[in-house]
Amino acid sequence: MSAIGFLILLILAIALLMVLIMKVKLHPTFALFATALVMGVVMGFFESEGFSISEVLALISNGFGSTLGSMGIPIMLGAILAMGVQDTGAAKSIANFFIRLFRGKNLELAPALTAYIVSIPVFGDITTILTSNIANVLSKRKHISMGKMAAFTQTGLNLTHAMVPPTPGILAVTILLGADLGLVIGWGVAVSIVGFLLTWLVLRKWTDKEWIEPLPEVAGEIEETKSDDVKDILITGDDLPGTLPAFLTILIPVVLIAGSSFLKMAVAEGSSLYTLANIFGDKVVALSLGLIYTMFLACSHKNSVRKSNRDTTGKDPQNFSEIVLNSWIARGLEVALSALLITGMGGALANVIKAAPAINDLAGLIENSGVPGLLIPFLIGGIMFTAVGSMTTGGMTAAGVVGPMMGILGLTPVSTVLAIGAGTMIFNHVNNSGFWVISRFFNLDLKQGLKYITLPDLVAGVFCFILVALGAAVHLF
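Note that the structure is a prediction, hence the values are computed from the model and not measured.

Some thoughts on unusual backbone geometry
Phase 1: Residues other than glycine seldom take positive phi values, yet lysine 25 does so here, at roughly 65°.
Phase 2: Here lysine 25 shows up in the loop between helix H1 (3-22) and helix H2 (28-46).
Phase 3: Despite not being glycine, histidine 143 has its phi angle at roughly 55°, a positive value.
Phase 4: Owing to a relative accessible area of 45%, histidine 143 belongs among the partly exposed residues under this scheme.

The following block contains the structure:
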């Protein structure tokens, strides 16, 4: 099969994936499976050496298994950790920190930066629910439009969801492309926080032009205040953890993973420090330590944990340990299941794409076209996210396409991962379930959702890509 023929097949496969998810409403897991199977069979028909059905199925099985083998445990641990962040009230304490930090000014940044941090290990829909109550209350207290709250809260949430592991999608892309996980975390944080601040500076006045009420069921009993006194604005709650204990639920795994990578660059390989960095920087070890810490934190805030678990499940076990050791795990695994299956099958499709002999010819064709190499992963990530409405599916498909081309295009793994992540910010719209979750909890209609979700994400994605391109140009990564 020629490079042009493979490109046509790739476009048709992506179109098939789009139709199956958007029109047929097939679950993304089986849409990815069907696309991988059809693509493998067609490749086998046209390739001179051929792929038998059994060989195609083996490629799918191996891609699925190897992806889950690398990511299954981290995804499960991250989901369970999310339950702890929710139940302990850590998200509220983090929000209060930002309220104090900004001295009651620019309060749209409180839920936004809370979402930015919480979304690193916590799934997007859960982060939306956790931060939407904060946004609604502050909207009512300080008469800030929910359009402004939504614009920056969901941008902060989606930036770390798209660019900072251990969120499943970008974690999978990192592993598929062989990038250093700690460096992706470190540079992902640096790029995304600058991208967020630039987006806020550009759009903050524009988001003031339309008044959107907070949800009455959330903020109905909240009184508006003209006071700028921080004490009048803080989110109150019984038995909330302190600021540092709350932040540690997120910082422990992130700092261990990122710090170990930078430490290994500074010390000699084989030294005791290098060995320790290898151990504590392992994603499973780091997430496990974060989860263990959060379980101990829960023991110091039993009232908060009991109330949150009761509100979520309708159950209040007499034995407190049953909440931490059973309910958190059960709820976390329920949340993680879909992400696990989609991620694994995304790896299967990537494995089929990588097996095509024509992939190297296609890379050469792109290289000779004059299109800047780093623009390719960015555009493919953006096109796939726009098409299928999933950062995980879009990012992993882009990784499967671009991975075999990196050497020819002169791309480094870290810059390619970050470019794909920036691409998956580009057009967040109606085929993404998160779009509707955010719209619902921030009181937006469809038109307002396109204004305050789609546009800010687009601006942030472009800013992040520019930053990635600048960093790659001066060989930062």
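With respect to the side chain of serine 145
Phase 1: Within the secondary structure, serine 145 sits in the loop between helix H6 (124-142) and helix H7 (146-163).
Phase 2: A distance of 2.7 Å separates a polar side-chain atom of serine 145 from the backbone oxygen of glutamate 210.
Phase 3: Serine 145 has contacts with Ser139, Thr207, Glu210, Trp211 and Ile212, leaving out every residue within four places of it along the chain.

Side note on the packing of aromatic side chains
Phase 1: For the structure shown, the criterion picks out eight aromatic pairs.
Phase 2: Summarising the aromatic geometry, the rings of phenylalanine 30 and phenylalanine 33 are spaced 6.5 Å apart at their centres and angled 75° between planes, so their arrangement reads as edge-to-face. One end of the pair, phenylalanine 30, and the other, phenylalanine 33, are both in helix H2, three residues apart, so they sit about a helical turn from each other.
Phase 3: Judged by its relative accessible area of 28%, phenylalanine 33 is partly exposed.

Some remarks on the nonpolar core
Phase 1: With 134 residues, the main nonpolar core has Met39, Met163 and Trp328 as its most contacted residues.
Phase 2: Considering each element in turn, this core owes the most residues, 13 residues, to helix H16 (residues 320-354).
Phase 3: Setting aside residues no more than four positions away along its own chain, methionine 163 makes contact with Ile170, Val184, Gly188, Val191, Ser192, Leu418, Gly421, Ala422, Cys464 and Val468.

Analysis parameters
The written sequence of each chain sets the order in which its residues are numbered from 1. For this predicted model, a pLDDT threshold of at least 70 governs which residues receive local features, and a threshold of 80 or more governs which side-chain atom pairs are given and counted, while totals over whole chains, interfaces and linings are taken from all residues. Excluded from the side-chain calculations are hydrogens and water; all other atoms, namely the structure's heavy atoms, are used. The way it works is that DSSP assigns letters per residue, a run of H or I at least four long becomes a helix, a run of E at least two long becomes a strand, and they are numbered from the N terminus. The rule is simple: take the accessible area with a 1.4 Å probe, protein chains only, and divide by the maximum for that residue type; under 20% is buried, over 50% is exposed, in between is partly exposed. What qualifies as a polar contact is a pair of N or O atoms within 3.5 Å, subject to a donor-acceptor requirement within protein and to the restriction that residues adjacent in sequence count only when both atoms come from side chains. Any two residues whose heavy atoms approach within 4.5 Å at even a single point are treated as in contact. Note on aromatic pairs: the rings of Phe, Tyr and Trp (six-membered ring only in Trp) are paired at centre separations within 6.5 Å, and the planes decide the class, stacked below 30 degrees, edge-to-face beyond 60, tilted for the rest. Nonpolar core, defined: a set of buried Ala, Val, Leu, Ile, Met, Phe, Trp, Tyr and Cys residues in which side-chain atoms within 4.5 Å join the residues together.

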